[in-house]
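Tertiary structure, described
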Amino acid sequence: MAIAKKPPTSPEKSQTVHCLNQQTTMARELVILLIGPTGSGKTSFVKFATGSDVDISHTTHCKDYKTKWRDKDFRIIDTPGLEDLPADNLAILKDIAQMLHSLKSPRVSGAIFFHRVTDGRFGGSARSHLEIFKQICGEEFDQQAVFLTTMWNKAAQVGRRRYEPIHEELGRKYLFLSPLYTKVLKFENDVESAKQVLAHFAGTASNKQLRLADELNTVGLSLSGMRKTTAGRTIMKGASTPLCVIL
Ligand SMILES: Nc1nc2c(ncn2[C@@H]2O[C@H](COP(=O)(O)OP(=O)(O)O)[C@@H](O)[C@H]2O)c(=O)[nH]1
Ligand SMILES: [Mg+2]
């Protein structure tokens, strides 16, 4: 609502972010953004990918972690889990935007959407989380996006084979417009599978910018700026559906 009423000369214009398209002269770090619901394994992935002693309790703010794979430097951005309430997701979007803005080398090289394979096929909130992820990335970014299924060791207890078709189908049906580029990987809650994900990004030639990072150049970093981003608009669409009305 607030957006529609705001005049085009809103004070937020003054918060325009100028640095996001600049390439720094330092050797390029591969910045990887992790997105997904709470409990989907994002922070656990960070722990195994970086070898750091990461606190796996509730993640309340974005945090970045540096690591190396072969000769490549990585910076992995862990984020709070996406929620069902639009206001919470908008706040997370703002947190992500601020983290991207704070980086010296803000070109994002890759983004990962986390999904617990044990949840099965996509239901309501998982679909809306995926939609937010897609809009954060933008279609141009599809070769740099990865769909990561997690909780495979839990799956083992009930028969891993049962989940294989779900893993395949998730990639084919849900990620971006072009299944050709869709990369679906597995995270096995161990170092090896985490490093395989890093290896994938190290070998990706595509170098498009994340849509959200691009959009910050014009909308700034405020909450109302977030509502103007494509991902923010997707989040706010959820706010107007009857399901989100608190009775
Ligand atoms: N069994 C199993 N547990 C996992 C796996 N990944 C994460 N967990 C556990 O699930 C919980 C939530 O994981 P976390 O990494 O904090 O998820 P986040 O909220 O997405 O950051 C933690 O207790 C983890 O130890 C996995 O692949 N298998
Ligand atoms: Mg976490």
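Conventions adopted
- Residues numbered from 1 in each chain as written.
- Chains lettered and ligands numbered in written order.
- Predicted model: local features only at pLDDT ≥ 70, side-chain atom pairs only at ≥ 80, totals over all residues.
- Helix = DSSP H or I, 4+ residues; strand = E, 2+ residues; numbered from the N terminus.
- Buried ≥ 20, exposed ≤ 12 C-beta atoms within 10 Å, placed from the backbone.
- Near = placed C-beta within 6 Å.

The name given to the protein chain in an unreviewed UniProt entry is P-loop containing nucleoside triphosphate hydrolase protein, and the organism recorded there is Immersiella caudata.

1. Brief notes about unusual backbone geometry
Even without being a glycine, Arg70 presents a positive backbone phi close to 50 degrees. As for its placement among the helices and strands, Arg70 is situated in the loop between strand S2 (63–69) and strand S3 (72–78). Given 8 C-beta atoms within 10 Å, Arg70 falls into the exposed group. Positive phi, close to 60 degrees, is recorded for Asn189, a residue that is not glycine. For Asn189, the location among the structural elements is in the loop between strand S6 (183–186) and helix H7 (191–202). With 16 C-beta atoms packed within 10 Å, Asn189 lands in the partly exposed category.

2. Considering the site of ligand 1
Taken together, 17 residues sit near ligand 1, with Gly41, Lys42, Thr43, Ser44 and Asn189 positioned nearest. Looking at the shell around ligand 1, the elements with two or more residues in it are helix H2 (42–50) and helix H5 (152–158). The greatest single-element share of the shell around ligand 1, amounting to three residues, is contributed by H2.

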